[in-house]
Amino acid sequence: MTMSVARGLTAALGSSRWTELASPRGPSRRDRRNVGSARARCRATNPTTALFGGLMAKTKKPAAPPKPPAGTETDAVAFKAAGLVLAVPSLGTFVDTEPALGAFDVSHSDPRAFETVSDVQHFSNVVGTDCFALIALCALYVLSDAAENQRLDSATYQRLALAVALYAGANVVGVSAAFVAGAIGDPELPSPSPAAVAGVVTALAPAGAVSARAIAAYGGGFGEAFERVKEDWATVTDLQSATERGGYLERYLKLSFWASMIVGGSFAFSPLSPLAIVNEYTPSSQFIQRAFGLGTVFMLAPAQFVLLDAAKRGRLGGGTFKKLNLSIALAIAGIDLMTVYTFAAAQALSPDADALKEASGGIYNYVGALAVSFSILAVYLYQGLFAKKDA
């Protein structure tokens, strides 16, 4: 009787609310759908919602386009090709220095039986200069890897690209200047032959070009690169401070950077070598001597700064930085072995005072340079083999 009355009231009033009250099961599915549709119609017809919804739709900004890749397979192949072009003459010179020395028209003899102290000096300069190509080859290798992984816009790789570009450019300018000096000067003085100039340009120009392209395409151009140099210079001139992660190693790398700049600069920008059995002032001899300094200033020192920056960030255990450490250790080892060998060879010739009248440095400089160099070698070798990333 009671249920009949409730149904009658519901039918009479036409309200789902009465049904909900009367029925123990609550509102039906159809009723719920009808209520949802009604609410949606109310929102759609609400003038405030319609107005601001339309304005928001009109003012919504489009999504930013995806960032272009910082490196391609083509870039990677270009870096590898440039490395191969540089590796062939550089590694070949370690095996046989005669072709290079002949192209520069300087005296030379079999390294197993030197004839004069000048021959020893020329051999020493060529081999020492060639050692910096090992660091450049490593830089080209890691740059090719960065291109494959689209990371050429990273500050690390932009610094390395700038170093390779400057190293290549400085040597090309240097050999060209020596050639011009020989052409307009005394024709009797040894000067680079056209083959020597062509050899240096062919070996280094591809590396410089592909590095310069990476700077222009992914680093904002050389203007941005030199702005970074200013910031890096402020870092390396602050010798007193160090980050918590970098600590003493960061300070050590700053001192190593400055040692390279000072020693390298004295070779590159002074006609008198700080360590030489014989100082000669011919176009060829000056270039071979100064090229050692150019490699130190433009290849070794920038690579050391890259390691300094990695130490600040606790990243020396990364593959890129381990390879750089090992390449620097290998270059220093080559220079040290060459120094020891040529010093012994010069002593075996028993040169008289006249033969050594143009010498510079002396025995104490040689011993001191070797002691410092061997200690530096140990640090870079250890970091290359055992450095770990910070957690």
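Residues numbered from 1 in each chain as written. Predicted model: local features only at pLDDT ≥ 70, side-chain atom pairs only at ≥ 80, totals over all residues. Heavy atoms only, no water.

Draft legend 1. Just the environment of K389, in detail. Within the element layout of this structure, K389 appears in the segment after α14 (362–386). Looking at K389, the relative accessible area reads 46%, which means it is partly exposed. Expressed as a C-alpha distance, the spacing of K389 and G314, which sit 75 residues apart in the sequence, is 5.8 Å. Filtering out sequence-adjacent residues up to four positions away, K389 remains in contact with G314, R315, G317 and G318. (Helix = DSSP H or I, 4+ residues; strand = E, 2+ residues; numbered from the N terminus. Buried < 20%, exposed > 50% of the residue type's maximum accessible area, 1.4 Å probe, protein only. Contact = heavy atoms within 4.5 Å.)

Draft legend 2. Structural detail: the packing of aromatic side chains. Under the criterion given, the structure shown has 11 aromatic pairs. Ring centres 5.1 Å apart and planes at 75° place the aromatic pair W233 and W258 in the edge-to-face group. Here the residue W233 occupies a position in helix α10 (residues 221–237), and W258 occupies one in helix α11 (residues 247–268), the gap between them amounting to 25 residues. The class for W233 is partly exposed, based on a relative accessible area of 42%. Each ring, one from F257 and one from W258, has its centre 5.5 Å from the other, and the planes form 85°; the classification is edge-to-face. Overall, the relative accessible area of 8% leaves F257 in the buried class. Three or more aromatic residues joined by ring pairs make a cluster, and in this case those are W233, F257, W258 and F305. (Phe/Tyr/Trp six-rings, centres within 6.5 Å; stacked < 30°, edge-to-face > 60°.)

Draft legend 3. Layout of the packing of helix α5 (residues 73–95) against helix α7 (residues 117–148). Contact pair α5 / α7: the axes reach a minimum separation of 9 Å and the direction vectors enclose 165°. As the angle between them shows, α5 and α7 are arranged roughly antiparallel. Seen from above, α5 lies across α7 with left-handed handedness. Counted by class, the contact of α5 with α7 contains 17 nonpolar, 4 polar and 5 charged residues. (Axes fitted to C-alpha atoms, helices over the stretch in contact; angles between N-to-C directions. Parallel < 35°, antiparallel > 145°, perpendicular 65-115°, else oblique. Left-handed = near helix turned anticlockwise from the far one by under 90°. Nonpolar A, V, L, I, M, F, W, Y, C, P; charged D, E, K, R; others polar.)

Draft legend 4. The arrangement of empty space enclosed by the protein in detail. Overall, the coordinates contain 1 cavity of 30 Å³ or more when judged by the stated rule. Lining the largest cavity are Q121, H122, N125, V278, N279, E280, S285 and Q289. Contributions of two or more residues to the lining of the largest cavity are made by α7 and α12 (283–312). Counting residues per element, the lining of the largest cavity draws most heavily on α7, at 3 residues. Here the lining of the largest cavity is built from residues that sort into 1 nonpolar, 6 polar and 1 charged. (1 Å grid on protein atoms, 1.4 Å probe; cavity = no way out; pocket = protein on both sides within 12 Å on 5 of 7 lines; lining within 4 Å. Points joined across faces, edges and corners; volume = space filled by probe spheres on them.)

Draft legend 5. Representation of a nonpolar patch on the surface. On the surface, a nonpolar cluster with roughly 490 Å² of combined accessible area is contributed by L326, L381, Y382, L385 and F386. A total of 4 residues in the nonpolar patch trace back to one element, the largest contributor, which is α14. (Patch = residues over 30% accessible without salt bridge, like charges linked within 9 Å, V, L, I, M, F, W, Y side chains within 5 Å. Areas by Shrake-Rupley, 256 points an atom, 1.4 Å probe, with all protein chains shown as cover. Salt bridge = Lys/Arg side-chain N within 4 Å of Asp/Glu carboxyl O.)

Draft legend 6. Local environment of the layout of surface pockets. Counted as a void, the largest pocket has a volume near 860 Å³. In this structure, the largest pocket is lined by 36 residues; those nearest its centre are V263, F292, I335, A369 and S373. Elements represented by at least two residues in the lining of the largest pocket include exactly α7, α11, α12, α13 (319–348) and α14. In terms of residue count, α11 provides more of the lining of the largest pocket than any other element does, 8 residues in total. Classifying every residue of the lining of the largest pocket by side-chain character gives 21 nonpolar, 14 polar and 1 charged. One number sums up the size of the second largest pocket: a volume of about 580 Å³.

Draft legend 7. Local environment of the packing of helix α8 (residues 155–184) against α12. Following both chains from N to C, one finds α8 and α12 inclined at 175°, their axes separated by 10 Å at the closest point. By the criterion of interaxial angle, the relationship of α8 to α12 is roughly antiparallel. Of the residues that constitute the contact of α8 with α12, the class distribution is 18 nonpolar, 5 polar and 2 charged.

Draft legend 8. Representation of the confidence of the model for the protein. Confidence along the protein averages 85 in pLDDT terms, with 79% of residues attaining 70 or more. Low confidence marks residues 8–24, where pLDDT is under 50. Its contacts with residues over four positions away, or in another chain, come to 8 contacts. (pLDDT = per-residue confidence, 0-100.)

Draft legend 9. Molecular detail of the side chain of Q121. Its place among the elements puts Q121 in helix α7. At a separation of 3.3 Å, a polar atom in the side chain of Q121 contacts the main-chain amide nitrogen of V278. (Polar contact = N/O pair within 3.5 Å; in protein donor to acceptor, adjacent residues only side chain to side chain.)

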